[in-house]
Amino acid sequence: MKAIRRFTVRPVLPDPLRPLSDLARNLRWSWHAETRDLFRSVDPERWAASGGDPVRLLGSVPPARLAELAGDDSFLSRLAAVADDLRDYTTGDRWYQAQPEELPSAIAYFSPEFGITAALPQYSGGLGILAGDHLKAASDLGVPLIGVGLLYRHGYFRQTLSRDGWQQEHYPVLDPNELPVAQLEEPDGTPAQVALALPGGRQLHARIWLAQVGRVPLLMLDSDVEENDLGERGVTDRLYGGGSEHRLLQEMLLGIGGVRAVRTYCRLTGHPEPEVFHTNEGHAGFLGLERIAELCAEGLDFDAALESVRAGTVFTTHTPVPAGIDRFDRELVARHFGPDAELPRIDVDRVLRLGMESYPGGEPNLFNMAVMGLRLAQRANGVSLLHGNVSREMFSGLWPGFDADEVPITSVTNGVHAPTWVAPEVFRLGARQIGDRRAADAMTVGGSERWDSVADIPDQDIWDLRRVLREQLVEEVRERLRASWRQRGAGTAELGWIDNVLDPDVLTIGFARRVPSYKRLTLMLRDRDRLMDLLLHSERPVQIVVAGKAHPADDGGKRLVQELVRFTDDPRVRHRIVFLPDYGMAMAQKLYPGCDIWLNNPLRPLEACGTSGMKAALNGCLNLSVLDGWWDEWFQPDFGWAIPTADGVGTDPDHRDDLEAAALYDLLEQRVTPRFYERGRSGLPDRWIEMVRHTLSLLGPKVLAGRMVREYVERLYAPAALSHRSTGPDAARDLAAWKGKVRAAWPEVTVDHVETSASEALAELGTTLGLRVRVGLGALGPDDVEVQAVSGRVDEEDRIGDATVVPLKPVGSPDQDGRWVYEGPLSLDRTGPFGYTVRILPAHRLLASSAELGLVAGPSEELVEAAGLLMR
């Protein structure tokens, strides 16, 4: 019989055990080993059955066991110590509190997904895991962050396989009352809510759930409330589900509703209001519109409000291809804004202008969420050095006239939260050298260039650790594989072979990630005979563990999964290669430490960062990867291997895959497996162990989320807070008026004449020439612009590379024609072909970049042709 109504019955804890409830509700337990150990000791079997979820555990422990623990002095002492530790952690000063006072009082961090723990399944892949690690690292550092997201009643899908290996999706219903979250309440005890106006006089209501991530509150909006009609209740049903309007409503709720939720939380708790708003990808871009509407309600006009909002906004793009960005039909967006819908006081055309692709190559009828994010943020970044370059190229149309390297998008390379991803055995090995406290600080705060203490760990200890972790992975794989085959319909009698799957003494390769086509799940299958030879080699075999989910709507990705699964089902190799369904955080935490090699073979440069290899590296796993994302930035032969790429223009995709697969097989056959299996005088693989040691000591400090968050604070949050404070109402009005004046006057800004003191096109290194320029500024004056000389080596087409920029100074007053003369030095500091040009840019103290307005004036084509090359 099926129940007609469901309740969540919570346990009544005896008074001495009340701190257990607080510990369970603060997600710090997900990365704090002592807290997890305490919960495990409550009831080890039920802890395992609960999947390591303290809320589920406490709901299943019999009252008799609770009464027993309430009288156990030893347990109560441990409970008090862990509770005191959490109190100190959440209230004491940390790294942030020791920094200069100009840091922001609070930062609001918006993301469509957050991967905090498997017990709160609100993530699909790398974007969510990165957001979760960002919150955890901010908590460890004491950064006053407020996380903002949605609470999806089905989360992302659970994955199983059919008998023939086809991916199947399941959407379990999540009851918030059974999750480690609490409802935010008004003083009278009623649920705190926000509401959005919908077309036709309807409203979208959402309650606010609070997940406490250490020191950081995470606000999650949930539309499944009685005040909504059935359609509106389903807005937060699934992560990345539904059609265009469904996604638009999710993103309006995240952005607009999210700002309202932040305001509600600060009102109810006294938390400082955010000075900086950080949107993690374009999904939350509408937050800028809500903040503009707030300022308009206080008396600012739209343009001034826009400048004020931009000053305090940071936008992070994670997408290396335009197809990965959410885009909506302009009519759909227009219908949801304006007098009869949301933000009624803001002109719909102004809303649309922020997101329309009104640049060469854009789709003029599409509203682009990333474009809006960039237009609403004064500071933007990609997530690795290479991705920063890709992003500047991809979005260069928004800054016409500027070289891609001058597009104002910087980069902060992602990091991973070490306490979440480092196996306890790895941590204990490090702590044995320097102590628990120093080891914990090294993994959270970071700051050191290298972990020198790793050099003191004996080779035998490192090798023994690697085997223990491999052995644990083998056990995990067999257990998951057995469960998967039962789901596929196999009987117990068919599964005896699983007892011999994988070998704890064989080189183990891991490959686990989402399955879009560019990540090339099946590249390893390109030459199946060579792969079989590697798997079944008599002296140097390899074994491979693969996991990954294809998007439910991506049949191409599902076919890749099925192709791989069918290969792993082959009785000849199934003991050496396995596919594990339902890849998620719980699986990943076993997979990364247990692998010797982490494989990554995307189409370069389509991997924005790719943090799974970072998590593997922190456990002493070596990377074997295409030079993409973070690996392009930090690869050294000491850490692993780079797969050569054939990414030249015009390369046939099939031929490219053949070439890169062959390079992968060559590396495995000739370099990777020999190094793993060769033994030195000690009987150990000395050269392999040395690579593990270098990975831990030199790469470990780089890949930390603590390093990443400190970079965000120092390079983006602190400058954004300073801009926010400098752009008060009056300054915002003045800046908006100045920008209007500059844009109107810019067609009259010209470079009319350029001359140098050089008489010939040949000069010696170190020569300094005098440069004299006559410019027309129209209605502008020298205070509104900067005239620059740009010089450097030139290529065959006279393009300047590695440019040096020198500002020129105005001389005297304008002439009778209103022209100004500027002068300055031009240093010939490089040999070979050398060239220069002159340009004029807008200049204002409140601009974060001279390219911000996308305006630049240079010499006319006639002037350029008359000048020719300066030096050869």
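Residues numbered from 1 in each chain as written. Predicted model: local features only at pLDDT ≥ 70, side-chain atom pairs only at ≥ 80, totals over all residues. Heavy atoms only, no water.

Some thoughts on the overall build of the chain
Quick note on the threshold: Strands here mean DSSP runs of E at least two residues long; helices mean DSSP runs of H or I at least four residues long; both are numbered from the N terminus. Put simply, the radius of gyration uses C-alpha atoms, and a globule should come to 2.2 Å times the residue count raised to 0.38. Here's how the labels work: a residue is buried when its accessible area is under 20% of the maximum for its type, exposed when over 50%, partly exposed in between, all with a 1.4 Å probe on protein chains only. Contacts: residue pairs with any heavy atoms within 4.5 Å of one another. In this description, accessible areas are obtained by the Shrake-Rupley approach with a 1.4 Å probe, and a residue is regarded as covered only by the protein chains that are shown. A positive count includes Lys and Arg, and a negative count includes Asp and Glu. His and the chain ends are not counted in either. A single reference atom marks each charge: NZ on Lys, CZ on Arg, CG on Asp, CD on Glu.
Counting secondary structure elements, the chain contains 29 helices and 27 strands. Whereas a compact globule of 872 residues would reach a radius of gyration of roughly 29 Å, the chain reaches 30 Å, a difference of no more than 12%. Evaluated residue by residue, the chain yields a buried proportion of 56% over its 872 residues. The long-range share in the chain, meaning contacts at least 24 apart out of those at least 6 apart in sequence, stands at 73%. Accessible area for the chain stands at about 35,900 Å²; split by element, carbon and sulfur atoms hold 48% of it. Taking the average location of the 96 positive side-chain charges in the chain and that of its 126 negative ones, the two points are 5 Å from each other.

Some remarks on the packing of helix H7 (residues 126-141) against helix H27 (residues 705-726)
Stated precisely, the cut-off is as follows: The axes are straight lines fitted to the C-alpha atoms, using for helices just the contacting stretch, and the angles between their N-to-C directions are given from 0 to 180°. Orientation labels follow simple angle bins: below 35 degrees gives roughly parallel, above 145 gives roughly antiparallel, 65 to 115 gives roughly perpendicular, and whatever is left gives oblique. For this scheme, ten residues count as nonpolar: Ala, Val, Leu, Ile, Met, Phe, Trp, Tyr, Cys and Pro. Four count as charged, namely Asp, Glu, Lys and Arg, and the remainder, Gly too, count as polar.
One can describe the packing of H7 onto H27 by two numbers: an axis separation of 8 Å at closest approach and a directional angle of 80°. Considering their axes alone, H7 and H27 lie roughly perpendicular with respect to each other. When H7 is examined against H27, the residues Leu130, Asp133, His134, Ala137, Ala138 and Leu141 are found in contact with a partner set consisting of Ala705, Gly706, Met708, Val709, Arg710, Tyr712 and Tyr717. Each residue belonging to the contact of H7 with H27 can be placed in one class, and the counts come to nine nonpolar, two polar and two charged.

Description of the pattern of salt bridges
Side-chain pairs of opposite charge can arise whenever the charged atoms involved come near each other. Rules: Between Lys or Arg on one side and Asp or Glu on the other, a salt bridge is scored when a side-chain nitrogen of the former is within 4 Å of a carboxyl oxygen of the latter.
One pass over the full model with this rule turns up 60 salt bridges. Here arginine 153 and aspartate 224 are joined by a salt bridge, their closest N and O atoms 3.1 Å apart. Remark: aspartate 224 occurs in the loop between strand E8 (216-222) and helix H8 (230-233) and arginine 153 occurs in the loop between strand E2 (145-150) and strand E3 (158-161); sequence separation between them is 71 residues. Across the pair, exposure class does not vary: arginine 153 and aspartate 224 are buried alike.

What to know about the confidence of the model for the chain
Filter applied, for reference: pLDDT gives the predictor's per-residue confidence on a scale running from 0 to 100.
Considering every residue of the chain, the mean pLDDT works out to 93; 97% of them sit at 70 or more. Low pLDDT, under 50, characterises residues 868-872; the stretch is placed with 27 contacts to residues that sit more than four places away or in other chains.

Some thoughts on empty space enclosed by the protein
We apply this condition: Using protein atoms alone on a 1 Å grid, points that fit a 1.4 Å probe yet trap it form a cavity, whereas open point sets bounded by protein on both sides within 12 Å along at least five of seven lines form a pocket; residues with an atom within 4 Å of a point count as lining. Grid points are joined across faces, edges and corners, and a volume is the space filled by probe spheres set on the points.
Enumeration over the complete set of coordinates arrives at eight cavities of 30 Å³ or more. In this structure, the largest cavity occupies an estimated 80 Å³ of space. Taken together, the elements giving at least two residues each to the lining of the largest cavity come down to helix H19 (459-487), helix H21 (555-568) and strand E17 (577-580). Taken together, the residues of the lining of the largest cavity sort by class into eight nonpolar, two polar and three charged.

Focus: unusual backbone geometry
Cis geometry is adopted by the peptide bond preceding proline 605, which originates at arginine 604 and carries an omega value of 5°. Not every positive phi belongs to a glycine, and leucine 502 is a case in point at roughly 65°. Structurally, leucine 502 is set in the loop between H19 and strand E15 (507-512).

A short note on the nonpolar core
Here is the rule we go by: We call a set of buried residues a nonpolar core when its members are Ala, Val, Leu, Ile, Met, Phe, Trp, Tyr or Cys and they connect through side-chain atoms within 4.5 Å of each other.
Ranked by size, the top nonpolar core spans 105 residues in total, and within it Met524, Ile597, Leu624, Trp641 and Trp688 carry the most contacts. Those residues in contact with tryptophan 688 that lie beyond four places of it in its chain are Trp463, Leu507, Asp596, Ile597, Leu622, Trp641, Val672, Arg675 and Phe676. The next biggest cluster of nonpolar side chains, apart from the first, holds 64 residues, and it includes Ala261, Phe286, Leu287 and Leu289.

Description of the side chain of lysine 739
Operational definition: Throughout this description, a polar contact denotes any pair of N or O atoms lying within 3.5 Å of each other; where both atoms belong to protein, one of them has to be capable of donating a hydrogen while the other can accept it, and for residues adjacent in sequence the pair is counted only when both atoms sit in side chains.
Mapped onto the elements, lysine 739 comes out in helix H28 (residues 729-745). Take lysine 739: its relative accessible area is 3%, and that puts it in the buried class. Side-chain polar atoms of lysine 739 contact the side chain of glutamate 852, separated by 3.2 Å. Beyond its immediate sequence surroundings of up to four residues, lysine 739 is in contact with Glu307, Arg310, Leu847, Glu852 and Leu853.

With respect to the sheet that holds E17
As a reminder, the rule being used: Between any two strands, pairing holds if DSSP finds at least two bridges.
Pairing within the open sheet is parallel, and its six strands lie in the order E17-E16-E15-E18-E19-E20. Both edges of this open sheet fall to E17 and strand E20 (640-643), since each of them pairs with a single strand only. Mean inter-strand twist for the sheet, computed between neighbouring axes without regard to direction, equals 20°. Strands E15, strand E18 (597-600), strand E19 (622-626) and E20 of the sheet are contacted by helix H26 (residues 686-699), whose axis makes an angle of about 80° with E19.

Details of the pairing of strand E24 (residues 800-807)
Pairing of strand E23 (residues 785-794) with E24, which is carried by six bridges, proceeds in the antiparallel orientation. Note that in E24 the partner of arginine 793 across the bridge is glycine 801. In this structure, the hairpin formed by E23 and E24 is closed by a connection of five residues, where aspartate 798 is found at a positive phi of approximately 70°.

Topic: the sheet that holds strand E27 (residues 834-842)
One open sheet accounts for three strands, arranged E24-E23-E27; its pairing is antiparallel. Two strands in the sheet have a free side with no partner beyond their single neighbour: E24 and E27. Ignoring strand direction, the axes of neighbouring strands in this sheet form an average angle of 30°. Relative to E27, E23 runs antiparallel, the two sharing nine bridges. In the sheet register, arginine 793 faces E27, and the bridge partner there is phenylalanine 834.

Quick word on the packing of aromatic side chains
The cut-off we apply is this: Under the pairing criterion, centres of Phe, Tyr and Trp rings, with the six-membered ring standing for Trp, must be within 6.5 Å; the plane angle then separates stacked pairs below 30 degrees from edge-to-face pairs above 60, leaving the rest tilted. Any Lys NZ or Arg CZ found within 6 Å of a ring centre and within 35 degrees of that ring's normal is scored as a charge over the ring.
In total, this model carries 19 aromatic pairs according to the counting rule given. The rings of Trp463, Trp641, Phe676, Tyr677 and Trp688 are connected pair by pair, giving a single aromatic cluster. Directly above the aromatic system of tryptophan 485 lies the positively charged group of arginine 488, at a separation of 4.2 Å from the ring centroid.

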